[in-house]
Amino acid sequence: MRFATTHSPSQEDTRKVKTQTTRQTVEVRADGEGLVSHAGAFLLVELADRLGLTTALAEAMAPTRERRSAHDPGVVLRDLAVAIADGGDHVSDLGVLRGQEALFGAVASETTAHRVVKSVDAEALEGLRAARAVALARAWDAGARPEELILDVDASLLTAHSEKESAAGTYKGGFGFHPLLCYLAETGEPLAGILRPGNAGANTAADHFEVLQLALEQLPATDLDREILVRADVGGRTHAFTSDCREAGIRFSVGYEVDERVRGAIMELPESAWQAAIDGDGALREGAEVTELTDHVDLANWPEDTRLICRRERPHPGAQLSVLDCETGYRHTAFITDQEDADIAALELRHRRRARVEDAIRVGKETGMRRMPFAAFEHNRAWLEVSLLGQALLRWAARLCLEGELALAEPKRVRQRLLHVAGRLVRSGRRVALRLPRTWPWTEALVAAFARLRALPVASP
């Protein structure tokens, strides 16, 4: 029988495992004056004001205002959108701003904010969307206009951890909501979203077209004459939705199921029908090829000039394979489009990039959209709209105020480096200065962001 032996560490061993401790004792006291936390979030407040969002929200919510002495409900929603952009996910997170009136002004109580959100009826909801459209147009005119108008529509699941109105079982076995969302591909700006029960269908044509209509209403009138492409996964593969796109003069690129007809057409193709797929830099994508099946599958029921394009690629380990994939050794995907580009590799790359909308939705969930905090469906619908406001503020700030890696960073990093920085308010006569820490690595970036913001034109009342 063996017995475990103990080993007493030698002096040399002790030196090796010596840990580093704090060199000084820090006294913690609650007597600071003029200090403000989350000082960088004031950038978003000023941005909302300068783009006219605050004024537009106030006008939209004016009919709901109960008395003149109360907080302006439009300003309450602006503050709530800023709190969400700053990382909040509940009305109570307004407290981060409320405790710092010297910088953020008078911020409504949690009770008042609840009341404002609950006052958003169908008419006010339209007003909130119109207010965001006003700010978007001014942001684009100020330099944030995208080069391409590609609208990505996708659904996502939101889990409800308690009983909420219209929450229901989802197709993945969960419980909650199944919103349908639309983001601008180039910038990640949120354009539209509708809250739906968890059991809402993935390929409901009416819902897809409603989201598309709401997204188009966000675009400035001068941009509606530009070519617009809407992309969706197989959930958008309905005759009604593609026909609606055609009637609206919008190009479509929609996922298509590799069904029995498509499988048969693929098996009959000669190898010479396939050509190399490409990556974003134009280089050939190893192990991936594309082909056009328009003349091999009956597409008569789809809008005229609809094309069917298929891609095959060697599957990665662990990929779920169909019978066709197992037979051919390739994983196949397909989509239909009415774009006229003769380069099918370029069309396939453009459609493949639709996957980036999943990143936009993930970021949205990190910006107030992960959970719906109210019991009533209409209140959660209003919350979703305020979340879209917060997401939009972050995207406009990135495009108009930030540079370099911060302009491309996700909200978590922007919050850590810019929005959550502390500062000190210093008053001299009638002037107020926000003093940021000299040693903070991103202080100069935040100062430069404020300078760029204040160089933008001020929205007229």
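See the structure above.
Residues numbered from 1 in each chain as written. Predicted model: local features only at pLDDT ≥ 70, side-chain atom pairs only at ≥ 80, totals over all residues. Heavy atoms only, no water.

**Let's talk about unusual backbone geometry**
What counts here: Note on conventions: DSSP H or I runs of at least 4 residues are helices, E runs of at least 2 residues are strands, and numbering of each starts at the N terminus. The buried label goes to any residue with under 20% of its type's maximum accessible area, the exposed label to any with over 50%, and the partly exposed label to all in between, with areas taken from a 1.4 Å probe on protein chains only.
Despite not being glycine, His38 has its phi angle at roughly 55°, a positive value. As for its placement among the helices and strands, His38 is situated in the loop between strand S1 (35-36) and helix H2 (42-50). Take His38: its relative accessible area is 17%, and that puts it in the buried class. If you check the backbone angles, Ser166 has positive phi at about 70° while not being a glycine. Tracing the chain through its elements places Ser166 in the loop between strand S3 (158-159) and strand S4 (168-169).

**Things to note about the packing of helix H8 (residues 122-144) against helix H9 (residues 205-218)**
How two helices sit against one another is set out by the angle between their axes and by the gap between those axes. This is how it is decided: Every axis corresponds to a line fitted to the C-alpha atoms, with the helix fit spanning only the stretch in contact, and the corresponding angles, defined between N-to-C directions, vary from 0 to 180 degrees. Every angle not falling under 35 degrees, over 145, or within 65 to 115 is termed oblique; those three ranges are roughly parallel, roughly antiparallel and roughly perpendicular. Throughout, a contact is declared for two residues whenever any of their heavy atoms are within 4.5 Å. Amino acids outside the nonpolar list (Ala, Val, Leu, Ile, Met, Phe, Trp, Tyr, Cys, Pro) and the charged list (Asp, Glu, Lys, Arg) are all regarded as polar, and Gly is one of them.
Across the interface, H8 lies against H9 with an axial gap of 8 Å and an inter-helix angle of 45°. With respect to their mutual orientation, H8 and H9 come out oblique. Between H8 and H9, the residues in contact are Arg129, Arg132, Ala133 and Leu136 and Leu214, Glu217 and Gln218, respectively. Here the residues of the contact of H8 with H9 are counted per class, giving 3 nonpolar, 1 polar and 3 charged.

**Overview of the environment of Ala56**
Relative to the elements of secondary structure, Ala56 occurs in helix H3 (residues 53-61). The class for Ala56 is buried, based on a relative accessible area of 12%. A C-alpha to C-alpha distance of 17 Å links Ala56 and Leu191, two positions 135 residues apart in sequence.

**Considering the sheet that holds strand S5 (residues 175-177)**
Basically, it comes down to this: Note on pairing: DSSP must find at least two bridges between two strands before they are called paired.
What the 3 strands build is an open sheet, ordered S3-S5-S4; its pairing is antiparallel. Two strands bound the open sheet, and with one partner strand each, they are S3 and S4. The pairing of S3 with S5 spans 2 bridges and is antiparallel. Directly across from Leu158, in S5, lies its bridge partner Phe177.

**Quick look at the pattern of salt bridges**
The following threshold applies: The working definition used for a salt bridge is a side-chain nitrogen of Lys or Arg within 4 Å of a carboxyl oxygen of Asp or Glu.
For the structure on display, the rule yields 30 salt bridges. A salt bridge links Arg354 to Asp154; the shortest N-O distance between them is 3.9 Å. One end of the pair, Arg354, is in the loop between helix H13 (344-352) and helix H14 (357-369); the other, Asp154, is in strand S2 (residues 149-155), with 200 residues separating them in the sequence. Taken individually, Arg354 and Asp154 each receive the classification buried, so the pair is uniform in this respect. As a salt-bridge pair, Asp279 and Arg285 come within 2.6 Å of each other at their nearest N and O atoms. Relative accessible area serves as the criterion here: at 25%, Arg285 is assigned to the partly exposed category. When salt bridges with common partners are traced through the structure, they connect Asp279, Arg285, Arg311, Glu313, Glu348 and Arg352 into a single cluster.

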